[in-house]
Amino acid sequence: MTPMPVAPALPPARPFGAVCSAMVTPFSVDGKLDVDAAQSLAQRLVSEGHDGILVSGTTGESPTTSDTEKERLLAAVLEAVGDRARVLAGVGTNDTEHTVELARAAERVGAHGLLVVTPYYSKPPQEALRRHFVAAADATGLPVMLYDIPGRSGVPIETETLVRLAEHPRIVAVKDAKGDLYATSWVQARTDLAYYCGEDALNLAFLTSGAAGLVSVVSHVAGPEYAAMVRAVDSGDLATAVALHRRLLLAVRAVMTRTQGVIAVKAALELTGALSTRTTRPPLIDATEEEVAALRADLDSAGLLEARTRAASAAPGGTA
């Protein structure tokens, strides 16, 4: 008997786009918020394949920016990208009341959605986590992406907790940095939550297991390549997707393995001319010259340095 043809899988629902940048927050040399640089960077990211921008996530150094700075940054990015990308606001803290306040402020400014991270350090039990996330989701009319990152928060959002949270009409997605594809698949099988990979080394693995997209740090320097990977997976062209994954291993190593990711990616953006400074705020420190040299070598070997430098030079406000 001739087997029935199998229709290609449709792309999963993508409430926040497919390629979302966990955007850094640019600072001037003296550590002040650089709104103009943030707008230029957001425009560049959208032009290079991002259809989602996350503002004030932890890669955006949210623990060391004030609430006022967060509002200014969000307003500036919304103005810069217009309707070309979904803009999420990172509002999660380890204080439920403060998280609710940030969520309401983000809605007033015009955010398209919210990212709420697991409360860090406190290690709440699962029922406490559920109540925290529900409080954030109840605070506004915006769709919510949960951020599951036990390596930083100290506690995972367990499968049964995620299944219960999926019943909330505004909790629609998960940024997963837990790295447990088995657990993720169980949640995907039992809910309609859209999964976004939050660990760049696993982007391809998540996409091929049904993830909606990725929230990426490495995409600051590999946006077009990750967009091409998503298109390849959507079309069933696994060979192309794997080739892109292997090419980008050097970029993942460059940005995510030698020092803290924010430090490295800001240095990478300075290298390509997309930022004029790699300034971070304490307790982070700026990349050393040795780290920058290693970063340059890997990005060059991956074929990304020249391409992104050329793009930054051509963009409005480019510094290369």
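Residues numbered from 1 in each chain as written. Predicted model: local features only at pLDDT ≥ 70, side-chain atom pairs only at ≥ 80, totals over all residues. Heavy atoms only, no water.

- The protein chain is annotated in an unreviewed UniProt entry as 4-hydroxy-tetrahydrodipicolinate synthase from Kineococcus xinjiangensis.
- Its UniProt record, at the heading Function (unreviewed entry), says of the protein chain: "Catalyzes the condensation of (S)-aspartate-beta-semialdehyde [(S)-ASA] and pyruvate to 4-hydroxy-tetrahydrodipicolinate (HTPA)." (UniProt positions renumbered as here; feature names shortened; annotations may be inferred.)

Structural notes on the UniProt feature "binding site: pyruvate" (unreviewed entry) in the protein chain
Part 1 of the argument: UniProt annotation of "binding site: pyruvate" (unreviewed entry) refers to T59 and V215 when read in the numbering used here. Considering the C-alpha atoms alone, the annotated residues occupy 157 residues of sequence yet fold into one spot, their largest mutual distance being 10.7 Å.
Part 2 of the argument: Setting aside residues no more than four positions away along its own chain, T59 makes contact with A22, M23, V24, T25, V217 and V262.
Part 3 of the argument: Looking at the element boundaries, V215 is found in strand β8 (residues 213-216).
Part 4 of the argument: On the basis of relative accessibility, which here comes to 3%, the residue V215 falls in the buried class. (Contact = heavy atoms within 4.5 Å. Helix = DSSP H or I, 4+ residues; strand = E, 2+ residues; numbered from the N terminus. Buried < 20%, exposed > 50% of the residue type's maximum accessible area, 1.4 Å probe, protein only.)

Considering the side chain of Q126
Part 1 of the argument: Summarising the element assignment, Q126 is placed in helix α4 (residues 126-138).
Part 2 of the argument: Setting aside its immediate chain neighbours within four residues, Q126 contacts V155, P156, I157, E158 and T161.

So, the packing of helix α9 (residues 219-235) against helix α10 (residues 238-256)
Part 1 of the argument: Running from N to C, α9 and α10 cross one another at 150°; their axes reach a closest spacing of 10 Å. Regarding the angle of α9 to α10, the classification is roughly antiparallel. In the packing of α9 onto α10, the handedness of the crossing is left-handed. Residue-level inspection shows V221, A222, E225, Y226, A228, M229, A232 and V233 of α9 in contact with α10, the latter providing T240, A241, L244, H245, R247, L248, V252 and V255. (Axes fitted to C-alpha atoms, helices over the stretch in contact; angles between N-to-C directions. Parallel < 35°, antiparallel > 145°, perpendicular 65-115°, else oblique. Left-handed = near helix turned anticlockwise from the far one by under 90°.)

Thoughts on α4
Part 1 of the argument: Over its 13 residues, α4 extends 18 Å from the first C-alpha to the last, a length consistent with the 18 Å expected when each residue adds 1.5 Å.
Part 2 of the argument: Buried positions along α4 lie against α3 (96-109), β4 (113-117), β5 (144-148), α6 (159-165) and β6 (171-176). (Expected span 1.5 Å × (residues − 1).)

Quick look at the confidence of the model for the protein chain
Part 1 of the argument: Residues of the protein chain with pLDDT of at least 70 account for 93%, and the chain-wide mean is 93.
Part 2 of the argument: Note on residues 1-9: pLDDT under 50 across the span, and 1 contact to partners over four residues away in sequence or across chains. (pLDDT = per-residue confidence, 0-100.)

Observations regarding the packing of aromatic side chains
Each aromatic ring pair is characterised by the separation of its centres together with the angle its planes make.
Part 1 of the argument: Tallied over the full model, the rule gives 2 aromatic pairs.
Part 2 of the argument: Taking the centre distance of 6.4 Å and the plane angle of 55° together, the rings of F16 and Y196 count as tilted. Taken together, the residues F16 in the segment before β1 (19-22) and Y196 in strand β7 (residues 194-197) connect sequence positions 180 residues apart. You'll find F16 and Y196 in the same group, each marked buried.
Part 3 of the argument: Ring centres of Y182 and W186 lie 6.2 Å apart, and the angle between their planes is 85°; this geometry places the pair in the edge-to-face category. Of this pair, Y182 and W186 both sit in helix α7 (residues 181-190), separated by 4 residues, roughly a single helical turn. (Phe/Tyr/Trp six-rings, centres within 6.5 Å; stacked < 30°, edge-to-face > 60°.)

Digging into α7
Part 1 of the argument: Listed as buried for α7 are A183, T184, V187 and Q188. Viewed end-on, α7 has its buried residues packed into an arc of 140°, placing them on one side of the element. Within α7, the exposed residues directed more than 90 degrees away from the buried face are Y182 and A189.
Part 2 of the argument: Against the buried residues of α7 lie α6, β6, β7 and α8 (203-208). (Arc of directions from axis to C-beta.)

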